[in-house]
Amino acid sequence: MSRIDHCRNVEDFRALAKSRLPSPIFHYIDGAAEDETSYRRNTEAFQACDLVPNVLAGVQDVDMSVTTMGQKLAMPVFCAPTALQRLFHHDGERAVARAAEKFGTMFAVSSLGTVGIEEIGRTISTPKMFQLYFHKDRGLNWSMIERCREAKFDVFTLTVDSITGSNRERDLRTGFTSPPQLTPRSLASFAMHPSWTVNYLLREKFSLPQLEGHVSEGTNIAISIGDYFTKMLDPSMNWNDAEEVRKRWGGPFCLKGIMSVADAKRAVDIGASAIMVSNHAGRQLDGSRSPFDQISEIADALGGRIDIICDGGIRRGTHVLKAISAGATACSGGHLYLYALAAGGQKGVEKALGNLRTEIERDMKLMGISSLDQLSRDNLRYR
């Protein structure tokens, strides 16, 4: 825990996660598609934009809360949905959910999550989002919607940028699969990380409870994520399907993976409550534009009709302030807590969220604002 206490930023957690995870598991978190250009660009985009602060504003106290998709969050960042979390730490989603609850922010569960919808709904009081990968098996899709409704989840999100697998070359080199397989290439790495290996072998059996009764791949049959997406997800998914998901859910509804103005307008047309402007952390289409670079254009086109979440590349409190200044309602991210989860479970995620909250509070004061609605494009200059 002392090493976690000395983690001041996402890069510190990344280094600690790398030391604690077998190579295939670490590189699954850390990698992206092809040349990983979009993955790097997601954060680099913030560096091309400068904040312009005001001073003498009397900002002893600040309010960093936001309301998005009908949920009041105590901080303007939430934990985006990510798959396979119990591979990174044996508590997985339980650790992330409890940390999010402590900080009064939202937590998202993936279709490929490793803790069940029902348990999360029963044990976690913070706002809860569920993320759907649209499978070819429509019965599985409708089942997950119904289970979320019964578990009293607050927001339902459909991922729209993952209709087929991508070319994640790091995973191909390391042989990463779900569940993990011992291969001649990976055996040494698993052996060199005995704590991870013992936890994986002796604790609760790895499973994907959202898929039980429908899909064996990923739990009983080892498969790469790219192959899973290609084999199991429905490439014919269209706007009518998205609207059908919204109608069946009947509550706050979000589309994750929107990048163009045209698609953002279509999201409004089908009755979405929000969009997550996201390129899947550069893990799908390499060479795609960064989410931050699209926020202003999309915000101008939508005129406040639905919430806009900047998802991707968030590493610092200043990134959050830049995204909100550009027109985002709130931000979300996976890497910002996944490295911390791998480094130290719930304590790691709490430290990561605490670091970010402290940065946002300090940066708001240095910007001369007491609430986030005081941010605007006037605060930004692009190089």
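So, how was this worked out
Residues numbered from 1 in each chain as written. Predicted model: local features only at pLDDT ≥ 70, side-chain atom pairs only at ≥ 80, totals over all residues. Heavy atoms only, no water. Helix = DSSP H or I, 4+ residues; strand = E, 2+ residues; numbered from the N terminus. Contact = heavy atoms within 4.5 Å. Buried < 20%, exposed > 50% of the residue type's maximum accessible area, 1.4 Å probe, protein only. Arc of directions from axis to C-beta. 1 Å grid on protein atoms, 1.4 Å probe; cavity = no way out; pocket = protein on both sides within 12 Å on 5 of 7 lines; lining within 4 Å. Points joined across faces, edges and corners; volume = space filled by probe spheres on them. Nonpolar A, V, L, I, M, F, W, Y, C, P; charged D, E, K, R; others polar. Salt bridge = Lys/Arg side-chain N within 4 Å of Asp/Glu carboxyl O. Patch = residues over 30% accessible without salt bridge, like charges linked within 9 Å, V, L, I, M, F, W, Y side chains within 5 Å. Areas by Shrake-Rupley, 256 points an atom, 1.4 Å probe, with all protein chains shown as cover. Phe/Tyr/Trp six-rings, centres within 6.5 Å; stacked < 30°, edge-to-face > 60°. Core = buried A, V, L, I, M, F, W, Y, C linked by side-chain atoms within 4.5 Å. Pairing = 2+ DSSP bridges. Right-handed = clockwise from strand over helix to strand, strands pointing away.

Asks: So what exactly am I meant to see when it comes to the environment of alanine 328 here?
Replies: Locating alanine 328 in the fold gives a position in the loop between helix H15 (317-326) and strand S11 (330-333). Residues contacting alanine 328, with those up to four places away along its chain left out, are Ile295, Ile308, Cys310 and Ala323.

Asks: Explanation requested: unusual backbone geometry in the structure shown.
Replies: What is expected of a backbone is that most residues other than glycine have negative phi and most peptide bonds are trans. Cis geometry marks the peptide bond from serine 178 to proline 179; its omega dihedral reads -10°. Within the secondary structure layout, proline 179 lies in the loop between helix H8 (169-174) and helix H9 (187-191). Phi at methionine 69 is positive, roughly 55°, even though this residue is not glycine. Within the element layout of this structure, methionine 69 appears in the loop between strand S2 (66-68) and strand S3 (71-73). The backbone of lysine 152 sits at a positive phi, close to 60°, despite the residue not being glycine. Relative to the helices and strands, lysine 152 resides in the loop between helix H7 (138-150) and strand S7 (155-159).

Asks: What's the story with helix H11 (residues 225-232) in this structure? I'm lost.
Replies: Because the α-helix completes a turn every 3.6 residues, residues three or four places apart line up on one side. Of the residues making up H11, those classed as buried are Ile225, Gly226, Tyr228, Phe229 and Met232. Relative to the axis of H11, the buried residues are bounded by an arc of 165° and lie together on one face. On its buried face, H11 sits against helix H3 (23-30) and strand S6 (128-133).

Asks: Is there a simple way to think about the layout of surface pockets in this case?
Replies: Vacant regions in the atomic arrangement are exposed by a probe of water-molecule size rolled over the atoms. Taken as a whole, the largest pocket spans an internal volume of roughly 330 Å³. Of all the elements in the fold, those that place two or more residues in the lining of the largest pocket are helix H10 (194-202) and helix H16 (335-367). When residues of the lining of the largest pocket are assigned to their parent elements, the largest contribution, five residues, is made by H10. The residue inventory of the lining of the largest pocket, partitioned by class, reads ten nonpolar, six polar and four charged.

Asks: Whenever I open this one, the pattern of salt bridges confuses me. Can you help?
Replies: Between side chains of opposite charge, a pair can form when the charged atoms approach closely. This structure, assessed with the given rule, holds 20 salt bridges. The partner of aspartate 311 in a salt bridge is lysine 256, with the nearest N and O atoms 3.9 Å apart. Placement of the pair is aspartate 311 in strand S10 (residues 307-311) and lysine 256 in strand S8 (residues 253-258), with a sequence separation of 55 residues. This pair shows no difference in class: aspartate 311 is buried, exactly as lysine 256 is. A network of salt bridges, in which partner residues are shared, links Arg14, Asp30, Glu36 and Arg170.

Asks: Whenever I open this one, empty space enclosed by the protein confuses me. Can you help?
Replies: On inspection of all chains with the given rule, the structure shows five cavities of 30 Å³ or more. Space inside the largest cavity adds up to approximately 430 Å³. Lining the largest cavity are 31 residues; nearest its centre among them are Pro81, Thr82, His280, Ala281 and Arg283. Among the elements of the structure, H3, helix H4 (37-47), S6, H11 and H16 are those that each provide at least two residues to the lining of the largest cavity. What lines the second largest cavity is Arg8, Asn9, Val10, Phe13, Arg315, Leu336, Ala352, Asn355, Leu356 and Glu359. Only helix H2 (10-20) and H16 provide two or more residues apiece to the lining of the second largest cavity.

Asks: Got a minute to help me understand a nonpolar patch on the surface in this structure?
Replies: A cluster of nonpolar residues, Val198, Leu201 and Leu202, forms a patch on the protein surface that exposes about 330 Å² of accessible area. Mapped onto the elements of the fold, leucine 202 is located in helix H10. Take leucine 202: its relative accessible area is 69%, and that puts it in the exposed class.

Asks: When you look at the packing of aromatic side chains in this model, what are you seeing that I'm missing?
Replies: The geometry of an aromatic ring pair is captured by the separation of the ring centres together with the interplanar angle, meaning the angle of the planes. The final tally for this structure, using the stated rule, is 13 aromatic pairs. Measuring from centroid to centroid gives 6.4 Å for tyrosine 200 and phenylalanine 206, while their planes differ by 45°, and the two rings are tilted. You can call tyrosine 200 partly exposed: its relative accessible area is 22%. Site record: aromatic cluster; members linked through ring pairs are Phe130, Phe153, Phe156 and Trp249.

Asks: It is not clear to me how the nonpolar core should be interpreted in this structure. Could you clarify?
Replies: Among soluble globular proteins, nonpolar side chains are generally buried collectively. Ranked by internal contacts, the top residues of the largest apolar core, which has 128 residues, are Leu84, Phe88 and Ile275. For this core, the element with the most residues is H16, which contributes 15 residues.

Asks: In this structure, what is going on with the side chain of glutamine 210? I would like to understand it.
Replies: Examined against the element boundaries, glutamine 210 turns out to sit in the loop between H10 and H11. Judged by relative accessible area, glutamine 210 falls into the buried class, the value being 1%. Not counting residues within four places of it along the chain, the set of residues in contact with glutamine 210 comprises Val109, Ser110, Ser111, Gly113, Val115, Gly116, Ile117, Phe130, Leu140, Met144 and Arg147.

Asks: Before we go on, may I ask you to explain the pairing of strand S9 (residues 274-277) in this structure?
Replies: Across the two faces of S9 the burial is the same, with Ala274 and Met276 and Ile275 and Val277 all buried. One ladder, built from four bridges, connects S8 with S9; its direction is parallel. Looking at the pairing, isoleucine 258 lines up with valine 277 of S9. Taken together, S8, helix H13 (residues 261-269) and S9 form a β-α-β motif whose crossover is right-handed. Direction of pairing for S9 relative to S10: parallel, over a ladder of four bridges.

Function cannot be inferred from these measures alone, as they are strictly geometric.
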